[in-house]
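An overview of the molecular structure
These are the residues of each chain, in order.
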Amino acid sequence: VRHNLTLQCDNLLYNAITSFLDSQLELFEDFYARLTKARSSSEAEELPSVARGLVNQFIHTLVTKWSALSLQLFSAPVDDPDFAYLSTTVSGPSHLIRLVMEKVYRSGIWMNDASVERERDVLLHRELASLGHLFTANDLQIPERFHILQPFISVQEELRLLDRSHVPSEMLQCLKSVNDRIVTTLALVSPDSPPSADDLLPVLIYVII
């Protein structure tokens, strides 16, 4: 029951935040105006720092306004343990930050030329692919008992989710999940001997390349 209530609450929260952001058109217009001004008046090397400051200020303003509004929308009924539980699971700010970052990422964060970035991305993937053919598990000093687990498909799938992350907290959580998946995978071989950092790092490098 709690699981269903939580899903319904998350859906309600998402819809409420989306409607809230749609109502903040003036704030978005002001943000883009400030960003445009910063682009025209800041030196190239200063622009990323200035843009991050504007984004942080913009998000802080939205979170503050949302927090005040959410107190009215999601206040739990008194003496109702089920709704009290739901009120503690509502993570409005994180949902809001993710949605805002999706809206402003390209204009506020990713300021490089798109074609250049694509070329660099292709080059990086090509270089990593070539490294993947050159280096073996032995070269990376992965203990032989773990070789049977190659190519660590479940860990690779977890790492691919990093592309879907838009905010630092999601990226960190994804990397933590990758680390946890490596630990779980290696434990299949030696369940009575937890893998050490010396075991984890070469596997992580192997998965990346």
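Throughout what follows, the structure given in this document is the object of discussion. These numbers were taken from a predicted model, which means no experiment stands behind them.

Criteria and cut-off values
- Residues numbered from 1 in each chain as written.
- Predicted model: local features only at pLDDT ≥ 70, side-chain atom pairs only at ≥ 80, totals over all residues.
- Heavy atoms only, no water.
- Helix = DSSP H or I, 4+ residues; strand = E, 2+ residues; numbered from the N terminus.
- Expected span 1.5 Å × (residues − 1).
- Buried < 20%, exposed > 50% of the residue type's maximum accessible area, 1.4 Å probe, protein only.
- Contact = heavy atoms within 4.5 Å.
- Axes fitted to C-alpha atoms, helices over the stretch in contact; angles between N-to-C directions.
- Parallel < 35°, antiparallel > 145°, perpendicular 65-115°, else oblique.
- Left-handed = near helix turned anticlockwise from the far one by under 90°.
- Nonpolar A, V, L, I, M, F, W, Y, C, P; charged D, E, K, R; others polar.
- Phe/Tyr/Trp six-rings, centres within 6.5 Å; stacked < 30°, edge-to-face > 60°.
- Patch = residues over 30% accessible without salt bridge, like charges linked within 9 Å, V, L, I, M, F, W, Y side chains within 5 Å.
- Areas by Shrake-Rupley, 256 points an atom, 1.4 Å probe, with all protein chains shown as cover.
- Salt bridge = Lys/Arg side-chain N within 4 Å of Asp/Glu carboxyl O.

So, about helix α9 (residues 197–208). Across its 12 residues, α9 extends 16 Å between first and last C-alpha, which sits within 8% of the 16 Å expected from 1.5 Å per residue. Residues of α9 that are buried: D199, L200, P202, V203, Y206 and V207. Elements that come into contact with the buried residues of α9 comprise α7 (153–160) and α8 (168–187).

Where α8 meets α9, the closest approach of the two axes is 10 Å, and the angle between their N-to-C directions is 115°. In terms of orientation, α8 lies roughly perpendicular with respect to α9. Viewed along their axes, α8 and α9 form a crossing whose handedness is right-handed. Across the interface between the two elements, V178, N179, I182, V183 and L186 from α8 touch D199, L200, V203 and L204 from α9. Of the residues that constitute the contact of α8 with α9, the class distribution is 7 nonpolar, 1 polar and 1 charged.

On to the packing of aromatic side chains, then. Describing an aromatic ring pair means giving the distance of the ring centres and the angle of the ring planes. Overall, the coordinates contain 5 aromatic pairs when judged by the stated rule. Seen in terms of ring centroids, F28 and F58 are 5.0 Å apart; in terms of plane orientation they differ by 80°. Their pairing is edge-to-face. Within this pair, whereas F28 is found in helix α2 (residues 25–41), its partner F58 is found in helix α3 (residues 47–73), the two being separated by 30 residues in sequence. Of the two residues, F28 and F58, neither departs from the other in class, the shared state being buried.

On to a nonpolar patch on the surface, then. On the surface, a cluster of nonpolar side chains totalling about 280 Å² of accessible area is made up of L131, L134 and F135. With respect to the element layout, L131 can be found in helix α6 (residues 114–134). Its relative accessible area of 32% is what places L131 among the partly exposed residues.

Close approach of charged atoms lets side chains of opposite charge pair. By the definition in use, this model includes 3 salt bridges. The salt bridge involving E158 is made with R181; its shortest N-O contact spans 3.0 Å. Pair noted here: E158 is in helix α7 and R181 is in helix α8, with a separation of 23 residues, a long-range link. Taking the relative accessible area as the measure of exposure, E158 reaches 14% and is therefore buried. Among the residues examined, R181 registers a relative accessible area of 30% and is labelled partly exposed.

Purely geometric stuff here, so don't read any function into it on its own.
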